[in-house]
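# A closer look at the structure
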Amino acid sequence: MGEYRNRPRLQGRGGILSLRRARPFRFGAACLVLASVWFLSGCNVIIPQPRDDYVDGRLQITYWEKWTGFEGEAIRRVVDRFNAKQDRIRVNLVTMSQIDRKALVAIAGGDPPDLVGLWSAGLSQFAEKRALMPLEPFMEKAGMPRDAFLDVFLEQNTYRGTLYGLPTTPASTALHYNKRLFREAGLDPDRPPRTLAELDAMAAKLTRYDAQGRLVQVGFTPSEPGWWHWSWGYWFGGALWDGERVTFDTPENLAAWEWLQSYPAKYGAEELRRFQSGIAGQFASPQNAFFTERVAMIVQGVWMASFIDTYAPGLEWGAAPFPSAAPGLDNVAMVECDSICIPAGARHPDEAFEFIRYLCSQEGLELLNMGHKKFTPLREVSPEFLANHPNPYIELFIELAKSPNAFYAPLMSAWYEYNDEITPAFDRVMFGQASPRSAVTQVQERVSGMWERTRTSIERRERAEKEAAP
């Protein structure tokens, strides 16, 4: 998760935008490798197969994962415990950056790892490329029940009816607010906003200007932290697609974007841009705008408590569901997860799933998620896990993940391209360069045309595969 948040994710998280823009190269490279393999096979060239590795008499399997820092240390503890619990398999954990790009190239080249950790938002793209093995047969053989997991996280690992991954470290988002600033503004620090209108009114009371009329403290702005530009319509009852069709231009999504523009209208587009430029790119640091109390309210994930403990240990803060605009639409929250998968062509899938089975047990997931300071994707959780968890609001985040109004990025292979259209449209609206209606209409037209071409190609290939099947 840490790397995803710091890529340019799920949106402005550190490096994902650059990876998305590099996708033509990434897939081109993967296809070039795959074409080379096909060519050599057609020429009857014998491609040497790698030999199994044994360490102290145990078969070694390779697990690629993206986590570093404290998150990497947490998965290392899980791997070490698995390796110590049995004497047949040894998991070799390899952490790396740009894991999605490298995994696709390795899979296409016929030399994938046995296990790979992915972001749920990118799983559909791997599944569409037939780069992952379905996990349902392994679960059935192992007697591993699907209903042990919260539905919302299994859904994110399912593409066109097939389960390709299992959730490992899930997350939900909530409103984080500064209790001290609430008190100074005459607001009840134990009474966060319950409606979007209340949030707007409280934000106004929490906003401060200097003697020159420049913003020095903002109660709230949808442009901070700037990670989920695509999400705002869900708090208005909207959605981005209906499972088949792009639905960005619905009245609910338009209403959300009209609300977005109310903030530059209040603050001034240029003044908001100036303020935003002074706090951008400083999430994992003491200069984070929420930690320095320059922003009083922000949408953030369950991981935020860990960063507060690290960079602003004295901060007086609270968490609550982000309020919706629609009456009766309660506990709306964006959810996401990391996933564990078996790449297509993995040489030791049974042994790989044996590790997955341990990792996704209550013991394994509680060990991992206590280290990540998140909750687990399982329905059942031990009392000790909750009692010892460092996040004082951990049960809130669990309840938000269980909410019927929890939502996630669309399970479409063209999702990154969709999001790449939303991000600049959001910027144009927030900085006064486009009206909400024109921005929403433009995104709808561009993405729906692109998606229809993609969907037609997918359906054509699926028909061909069905006809070719014995």
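Rules used in this analysis
- Residues numbered from 1 in each chain as written.
- Predicted model: local features only at pLDDT ≥ 70, side-chain atom pairs only at ≥ 80, totals over all residues.
- Heavy atoms only, no water.
- Helix = DSSP H or I, 4+ residues; strand = E, 2+ residues; numbered from the N terminus.
- Areas by Shrake-Rupley, 256 points an atom, 1.4 Å probe, with all protein chains shown as cover.
- pLDDT = per-residue confidence, 0-100.
- Contact = heavy atoms within 4.5 Å.
- Buried < 20%, exposed > 50% of the residue type's maximum accessible area, 1.4 Å probe, protein only.
- Polar contact = N/O pair within 3.5 Å; in protein donor to acceptor, adjacent residues only side chain to side chain.
- Pairing = 2+ DSSP bridges.
- Salt bridge = Lys/Arg side-chain N within 4 Å of Asp/Glu carboxyl O.
- Phe/Tyr/Trp six-rings, centres within 6.5 Å; stacked < 30°, edge-to-face > 60°.
- Lys NZ or Arg CZ within 6 Å of the ring centre and 35° of its normal.
- Axes fitted to C-alpha atoms, helices over the stretch in contact; angles between N-to-C directions.
- Parallel < 35°, antiparallel > 145°, perpendicular 65-115°, else oblique.
- Nonpolar A, V, L, I, M, F, W, Y, C, P; charged D, E, K, R; others polar.
- Disulfide = S-S within 2.5 Å.
- Arc of directions from axis to C-beta.
- Right-handed = clockwise from strand over helix to strand, strands pointing away.

### Side note on the overall build of the protein
Counting its secondary structure elements, the protein contains 19 helices and 13 strands. Carbon and sulfur atoms make up 52% of the accessible area of the protein, which amounts to about 19,500 Å² in all.

### A short note on the confidence of the model for the protein
Taken as a whole, the protein shows an average pLDDT of 89; of its residues, 89% reach a score of 70 or greater. Between residues 1-48, whose pLDDT stays under 50, and residues either more than four places distant or in other chains, the model counts 114 contacts.

### Let's talk about unusual backbone geometry
Going from Glu224 to Pro225, the amide bond is cis rather than trans, its omega being 10°. Checked against the element boundaries, Pro225 lands in the loop between strand 9 (215-217) and helix 11 (251-267).

### Observations concerning the side chain of Ser172
Its location among the elements puts Ser172 in strand 7 (residues 166-178). For Ser172, a relative accessible area of 0% corresponds to the buried category. Here the side chain of Ser172 touches Phe397 through a polar contact of 2.8 Å, landing on its backbone oxygen. Ser172 has contacts with Gln300, Gly301, Val302, Met334, Val335, Phe375, Phe397, Leu400 and Ala401, leaving out every residue within four places of it along the chain.

### As for the pairing of strand 7
A large share of strand 7 lies buried, amounting to 13 of its 13 residues. With five bridges joining them, strand 7 and strand 10 (residues 297-301) adopt antiparallel strand pairing. Bridge pairing in strand 10 links Leu175 to Val299. Pairing of strand 7 with strand 11 (residues 317-320) involves four bridges; the strand directions are antiparallel. Paired with Leu175 across the two strands is Ala320, which belongs to strand 11.

### With respect to the pattern of salt bridges
Taken as a whole and assessed by the stated rule, the structure comprises 23 salt bridges. Residue Asp338 pairs with Lys66 through a salt bridge whose shortest N-O separation is 3.2 Å. Remark: Lys66 occurs in the loop between strand 2 (58-65) and helix 4 (69-85) and Asp338 occurs in strand 12 (residues 333-341); sequence separation between them is 272 residues. Arg455 is paired through a salt bridge with Glu452; the nearest N and O atoms lie 3.0 Å apart. In this pair, Arg455 and Glu452 are both assigned in helix 19 (residues 436-468), three residues apart and thus about one turn of the helix distant. Residues participating in the shared-partner salt-bridge network are Glu128, Arg130, Arg461 and Glu465.

### Remarks on the packing of aromatic side chains
A complete count under the given rule lists 36 aromatic pairs for this structure. Look at Tyr177 and Phe182: their rings are 4.9 Å apart centre to centre, the planes differ by 45°, and that puts the pair in the tilted class. Each member of the pair, Tyr177 as well as Phe182, is classed as buried. Between Arg273 and the ring centre of Phe431, over which it is positioned, the NZ or CZ distance is 4.4 Å.

### As for the packing of helix 6 (residues 120-128) against helix 18 (residues 415-430)
Remark: helix 6 packs on helix 18, axes separated minimally by 9 Å, with the N-to-C direction vectors making an angle of 130°. As summarised for this structure, helix 6 and helix 18 are arranged oblique, according to the angle between their axes. Only Trp415, Tyr416 and Glu417 of helix 18 make contact with helix 6, whose side of the interface consists of Ala121, Gly122 and Gln125. Looking at the contact of helix 6 with helix 18 residue by residue, the class counts come to three nonpolar, two polar and one charged.

### As for the environment of Trp241
On the secondary structure map, Trp241 appears in the loop between strand 9 and helix 11. For Trp241, a relative accessible area of 17% gives the class buried. The spatial distance from the C-alpha of Trp241 to the C-alpha of Ser448 is 9.8 Å, given a sequence separation of 207 residues. Ignoring anything within four residues of it in the chain, the contact list for Trp241 reads Val246, Thr247, Pro410, Leu411, Met412 and Trp451.

### Topic: the state of the cysteines
In the structure shown here, the tally under the stated rule is zero disulfides. Cysteine Cys337 shares no disulfide, and the gap to the nearest cysteine sulfur, in Cys341, comes to 9.3 Å. For Cys337, a relative accessible area of 0% corresponds to the buried category.

### Some points on the environment of Ala319
You can see Ala319 is positioned in strand 11. Considered as a pair, Ala319 and Pro392 are 73 residues apart in the sequence and their alpha carbons are 9.2 Å apart. With near-sequence residues (within four places) excluded, Ala319 lies in contact with Leu175, Tyr177, Tyr393, Leu396 and Phe397.

### Remarks on the side chain of Ser124
Mapped onto the fold, Ser124 is located in helix 6. What makes Ser124 buried here is its relative accessible area of 4%. Of the polar contacts made by the side chain of Ser124, one reaches the backbone oxygen of Met412; its length is 3.0 Å.

### Concerning helix 5 (residues 99-108)
Taken across its 10 residues, helix 5 has eight buried, putting it largely inside the fold. Where helix 5 is concerned, the buried positions are Ile99, Asp100, Arg101, Ala103, Leu104, Ala106, Ile107 and Ala108.

### What about helix 17 (residues 394-402)?
When we look at burial in helix 17, the residues that qualify are Ile394, Phe397, Ile398, Leu400 and Ala401. The buried residues of helix 17 occupy an angular sector of 160° when the element is viewed end-on, so they sit on one face.

### Brief notes about the pairing of strand 2
By the criterion of burial, strand 2 is predominantly enclosed, with seven of the eight residues buried. As judged from the two bridges shared by strand 1 (residues 54-55) and strand 2, these two strands associate in the antiparallel manner. Counted as the bridge partner of Val55 is Arg58 from strand 2. The antiparallel pairing of strand 1 with strand 2 creates a hairpin that spans two residues between the two strands, and Asp56 there sits at a positive phi of about 55°. Bridge count between strand 2 and strand 3 (residues 89-95): seven bridges; the pairing is parallel. Across the sheet, Leu59 pairs through a bridge with Ile89, a residue of strand 3. A crossover connection joins strand 2 to the parallel strand 3 through helix 4; in handedness this β-α-β unit is right-handed. Bridge count between strand 2 and strand 4 (residues 115-119): two bridges; the pairing is parallel. Counted as the bridge partner of Trp64 is Val116 from strand 4.

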